[in-house]
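Listed below are the residues making up each chain.
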Amino acid sequence: MKPIERTLTLLKQMFKDEPRFIMGRYGRNGWATCSFNKPLTSQEIESCLPEDNFSLPKDYKHFLTLHDGCGLFRTESDLILELFPLKEMLEMSEEHHSEDGLLSEGNFWIIGQIDEDWILIDKNQCMDAEGSFKKPYITVVHPSDGLDMAVPLNLNFECFLERAIIAQGDYFWEWSEDTELTVTYCDTLTYEEIDETLYLEDKK
C-alpha cells in the first residue's frame, strides 16, 4: 500500500460513521465531515492533459486514480481542505495563467485550496516524468498575493497531504515560526495567572 493510500484509508476510518469534532488555531472548531470523488483511470487522466514538457507527478497522479478530488474537514461554515477534480484544476490553472492572472509569470497547477491558500504544483519541478514525485514541488500562496509571496513547502504531494490531514487543514508549515500562539510568561509568577489573552499575546 502506498503511503497516500494508507493516509486516506485511515482518514476514512475516522470519519466513516459520523462527523468528528475538530479544532484548530484561533478557536476554530466544529463538527466536520469528509467527502471523496470517484476515481479516474490512467487513460482518463492522460486524455485530459495537454501535450507539453510537463508531467503530473506520479504520487499526485496516483491520488487521482483513487479519487478525482475530495473535500476534507467540511464544517457548517467552512471547507478547510479541498483538492479539485482534474478538469477543474486544469481549467482554473489555465484561467489564472492568462496575461493578467496571478500565475502569469510562473508555471503552476492550482490543485486545491487549504483554508484560504491555494495549493500549487510547481511545473518546473515536473519535467522528469519518472522522478518528479521525489522533488519538493508543492507551493502555497494566498490568491490575493503575488508569486513573490508564495511559500515553497519542500514537500511532494504525498507528504503534503499526510501532514495537512494530521494538522486537520491547519497551516502546519507555519507552526515552527508561529509567534502569535507562543506562550509568553513574561512577568507571570504562577500558572493560575495565565489566561487566554496572555496565551494569545503576540511575542515581540
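Please read these numbers as outputs of a predicted model, since none were measured by experiment. Numbers given to residues run from 1 along each chain, matching the order in which its sequence is written. pLDDT decides what is reported in this predicted model: residues at 70 or higher carry local features, side-chain atom pairs at 80 or more are listed and counted, and totals for whole chains, interfaces and linings draw on all residues regardless. In computing side-chain properties, one takes all heavy atoms of the structure into account and sets aside hydrogens as well as water.

When you look at the overall build of the protein chain in this model, what are you seeing that I'm missing?
What counts as a helix is a DSSP run of H or I of at least four residues, what counts as a strand is a run of E of at least two, and both are numbered from the N terminus. Tallying secondary structure elements over the protein chain gives six helices and eight strands in all. Ordered by position from N to C terminus, the α and β elements of the protein chain give α-β-β-α-α-β-β-α-β-β-β-β-α-α. Remark: exposure states derive from per-residue accessible area (1.4 Å probe, protein chains only) relative to the maximum for the residue type, with buried under 20%, exposed over 50%, and partly exposed in between. The buried share of the protein chain, reckoned over its 204 residues, is 42%. Residues are treated as being in contact if the distance between any of their heavy atoms lies within 4.5 Å. Contacts spanning at least 24 positions in sequence make up 53% of the contacts within the protein chain whose residues lie at least 6 apart.

Got a minute to help me understand empty space enclosed by the protein in this structure?
A probe matching the size of a water molecule, rolled over the atoms, marks out where space remains unfilled. In this analysis a 1.4 Å probe is tested at points of a 1 Å grid over the protein atoms alone, and where it fits but cannot get out there is a cavity; an open set with protein on both sides within 12 Å along at least five of seven lines is a pocket; lining residues have an atom within 4 Å of a point. Grid points are joined across faces, edges and corners, and a volume is the space filled by probe spheres set on the points. Applying the stated criterion to the full structure yields one cavity of 30 Å³ or more. In terms of lining residues, the largest cavity is bounded by Ile-22, Met-23, Gly-24, Arg-28, Ile-80, Ala-167, Gln-168 and Asp-170. Classifying every residue of the lining of the largest cavity by side-chain character gives four nonpolar, two polar and two charged. Any residue outside Ala, Val, Leu, Ile, Met, Phe, Trp, Tyr, Cys, Pro, Asp, Glu, Lys and Arg is labelled polar, Gly included; the first ten of those are nonpolar and the last four are charged.

How do you make sense of the packing of helix α1 (residues 3-15) against helix α5 (residues 157-166) when you look at a structure like this?
Each pair of packed helices can be described by the angle between their axes along with the distance between the axes. Relative to each other, α1 and α5 sit at 20°, their axes nearing to 9 Å. It follows that α1 is roughly parallel to α5 by the angle criterion. Note on packing geometry: the crossing formed by α1 with α5 is left-handed. Packed against α1, whose contacting residues are Pro-3, Ile-4, Arg-6, Thr-7, Leu-8 and Leu-11, the element α5 presents Phe-157, Glu-158, Leu-161, Glu-162 and Ile-165 at the interface. Residues that form the contact of α1 with α5 fall into these classes: seven nonpolar, one polar and three charged. The axes used here are C-alpha line fits, helices contributing only the stretch in contact, and every angle between their N-to-C directions lies in the interval 0 to 180 degrees. Here is the rule for angles: anything less than 35 degrees is roughly parallel, anything more than 145 is roughly antiparallel, 65 through 115 is roughly perpendicular, and the remaining ranges are oblique. Here a crossing is taken to be left-handed if its near helix is turned anticlockwise relative to the far helix by less than a right angle, and right-handed if that turn runs clockwise.

I tried to follow a nonpolar patch on the surface on my own but got confused; where do I start?
Think of a patch as exposed residues, more than 30% relative accessible area, with no salt bridge, where like charges cluster within 9 Å and nonpolar side chains (Val, Leu, Ile, Met, Phe, Trp, Tyr) cluster within 5 Å. Each accessible area value is a Shrake-Rupley result obtained with a 1.4 Å probe; residue values ignore everything except the protein chains displayed when judging cover. Put simply, a salt bridge is a Lys or Arg side-chain nitrogen that is within 4 Å of an Asp or Glu carboxyl oxygen. Among the surface-exposed residues, Phe-21, Met-23 and Trp-31 lie close enough to one another that they form a single nonpolar patch of about 400 Å² accessible area. Assignment of secondary structure puts Trp-31 in strand β2 (residues 29-36). What makes Trp-31 exposed here is its relative accessible area of 56%.

Would you mind showing me how to read the pattern of salt bridges here?
Here the idea is simple: oppositely charged side chains can pair when their charged atoms come close. Applying the stated rule across the entire model yields three salt bridges. Put simply, Glu-162 and Arg-6 hold a salt bridge, and the shortest N to O gap is 3.3 Å. Placement of the pair is Glu-162 in helix α5 and Arg-6 in helix α1, with a sequence separation of 156 residues. The shortest N-O distance in the salt bridge between Glu-46 and Lys-61 comes to 2.9 Å.

Looking at this structure, how should I read the packing of aromatic side chains?
What characterises a pair of aromatic rings is the spacing of the ring centres plus the angle enclosed by the ring planes. In this analysis, rings of Phe, Tyr and Trp, with Trp reduced to its six-membered ring, are considered paired at centre separations within 6.5 Å, and the interplanar angle assigns stacked below 30 degrees, edge-to-face beyond 60, and tilted for intermediate values. Enumeration over the complete set of coordinates arrives at eight aromatic pairs. Between Phe-15 and Phe-73, the ring centres sit 6.0 Å apart and the planes meet at 65°, which makes this aromatic pair edge-to-face. Taken together, the positions of Phe-15 in helix α1 and Phe-73 in strand β3 (residues 70-74) put the pair 58 residues apart, joining distant regions of the chain. Residue classification places Phe-73 among the buried positions, given a relative accessible area of 1%. Each ring, one from Phe-21 and one from Trp-31, has its centre 5.4 Å from the other, and the planes form 70°; the classification is edge-to-face. Of the two residues, Phe-21 is situated in strand β1 (residues 20-23) and Trp-31 in strand β2; the sequence distance between them amounts to 10 residues. Using a relative accessible area of 43% as the deciding quantity, one classes Phe-21 as partly exposed. A network of ring pairs unites the aromatic residues Phe-160, Tyr-171, Phe-172 and Trp-173 as a single cluster. In this scheme, Lys NZ or Arg CZ marks a charge over a ring once it lies within 6 Å of the ring centre and within 35 degrees of the ring normal. Geometry around Phe-36 places Lys-12 over its ring, the cationic atom sitting 5.1 Å from the centre.

Sorry, what's going on with the pairing of strand β4 (residues 79-83) here?
It is a general feature of regular strands that their side chains alternate between the two faces of the sheet. Only strands that DSSP links by at least two bridges are regarded as paired with each other. Bridge count between β3 and β4: four bridges; the pairing is antiparallel. Each residue of the ladder has a partner; that of Arg-74, found in β4, is Leu-79. Taking the residues that link successive antiparallel strands as the turn, the β3-β4 hairpin has four residues. The sheet contact formed by β4 and strand β5 (residues 108-114) spans three bridges and is antiparallel. By the bridge assignment for β5, Leu-83 is matched with Gly-112.

How should the pairing of β2 be read in this particular structure?
The pairing of β1 with β2 spans four bridges and is antiparallel. Within β2, the residue paired with Phe-21 across the bridge is Trp-31. The hairpin formed by β1 and β2 contains five residues between the paired strands, and Tyr-26 there has a positive phi angle of roughly 60°.

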